[in-house]
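# Structural overview
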Amino acid sequence: MQRGFLSLIAIVISLLIFTILFIVVFNKLKLVPTTQSGSDPRVETQETVDKIIEQQNKEKIEFEQTDENDQKLLGVQTGKNYTALVYDLASSTIVTDTAGDGDCANDCFTKPLASYVKEQGGRGGMNGTYFCPPDYAWCSGKKNSFDFPVWNNRLKKWIQAEKLFWGGRGMMVFRPGSAQFFANSASAGVPGNITGGIVNYPSLLSGGNVLVNGGNLASNLKTKGTRTGIGFGKGKLFLVVARSSSVIDLAGIFISLGATDALNLDGGGSTALYEGR
């Protein structure tokens, strides 16, 4: 595998990552939002989301039902440009983990995604917060590093805890059978008594409201590419991989699935979704 995180074929080839969820997984980079003048981006965003929802409703959605006795994974839902693992939230425990046991600024420990899921006895997994890729100017000279906080459930502590108070990031935390979302992680303090926690950027949905628009996004988040995210709503947990999508498109997909709260995760060449039935 060359350059660690750059080589990945989900499920067939294991991805080296930092963090994982028991039903889910997470890790990797720091992005700085930019502003943009011109027409009201909130209007443009709502129009984009409305079009996405209309498109998803018109498409034939395939839903692969699992065994009736399985109370966790409800099915694999697919649309024209996305795949989603859908879990029953009330009967699920979401766990985050890291390969290393402490903060790491460079050359951090890594582990295959499948190993995380198997070690936790999980049903599925997804990569989470951004890697800091060495071809980004502020990541030059670094290897396998990540900046955003992640809860290590083995050690019952936050990794990169000093960055929990960075503004403009979202936080999702998990307890057995429940999830909680903070659109601004700086206002959440230092949550404890949890099994999973992840901070990332940008927040997509909060209480059913779309939080992203063209005026508050870095340019690379507006382009079409491979995106991943986690969301919840109506008693379900959603792990989504979207293709040829911006983060605004991703927000629309979560709404079409029934999510009320959602957070963008890592995408591009680091995308990985593991379903371990």
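Look up a bit, the structure's there.
Bear in mind the structure is a predicted one, so any value in this text is a computation, not a measurement.

Quick look at the packing of aromatic side chains now. One pass over the structure, following the stated rule, counts two aromatic pairs. When the ring of Phe148 is compared with that of Trp166, the centres are 6.0 Å apart and the planes differ by 85 degrees; the resulting orientation is edge-to-face. Of this pair, Phe148 sits in the loop between strand 8 (124-126) and strand 9 (150-152) while Trp166 sits in the loop between strand 10 (157-159) and strand 11 (170-175); the two residues are 18 residues apart in sequence, bridging distant segments of the chain. Looking at Phe148, the relative accessible area reads 0%, which means it is buried. Considering the side-chain rings of Trp151 and Trp158, the 5.8 Å spacing of their centres and the 75 degrees angle between planes classify their relative orientation as edge-to-face. No difference in accessibility class separates Trp151 from Trp158, as the two residues are buried. Over the aromatic face of Tyr116 sits the side chain of Lys111, whose NZ or CZ is 4.7 Å from the ring centroid. The side chain of Arg169 reaches across the aromatic face of Tyr201, ending 6.0 Å from its centre.

On to the pairing of strand 11, then. Most of strand 11 is tucked away, with five of its six residues classed as buried. Pairing of strand 11 with strand 13 (residues 196-200), which is carried by five bridges, proceeds in the antiparallel orientation. Directly across from Val173, in strand 13, lies its bridge partner Gly197. Relative to strand 12 (residues 178-182), strand 11 runs antiparallel, the two sharing five bridges. Bridge assignment links Phe174 to a residue of strand 12, and that residue is Ala179.

Taken as a whole and assessed by the stated rule, the structure comprises one disulfide. Between Cys104 and Cys108 runs a disulfide, and the two sulfur atoms are separated by 2.1 Å. Between Cys104 and Cys108, the S-S dihedral sits near -105 degrees, and the bridge is therefore left-handed. Since its relative accessible area comes to 7%, Cys108 is described here as buried.

How each quantity is defined
- Residues numbered from 1 in each chain as written.
- Predicted model: local features only at pLDDT ≥ 70, side-chain atom pairs only at ≥ 80, totals over all residues.
- Heavy atoms only, no water.
- Phe/Tyr/Trp six-rings, centres within 6.5 Å; stacked < 30°, edge-to-face > 60°.
- Helix = DSSP H or I, 4+ residues; strand = E, 2+ residues; numbered from the N terminus.
- Buried < 20%, exposed > 50% of the residue type's maximum accessible area, 1.4 Å probe, protein only.
- Lys NZ or Arg CZ within 6 Å of the ring centre and 35° of its normal.
- Pairing = 2+ DSSP bridges.
- Disulfide = S-S within 2.5 Å.

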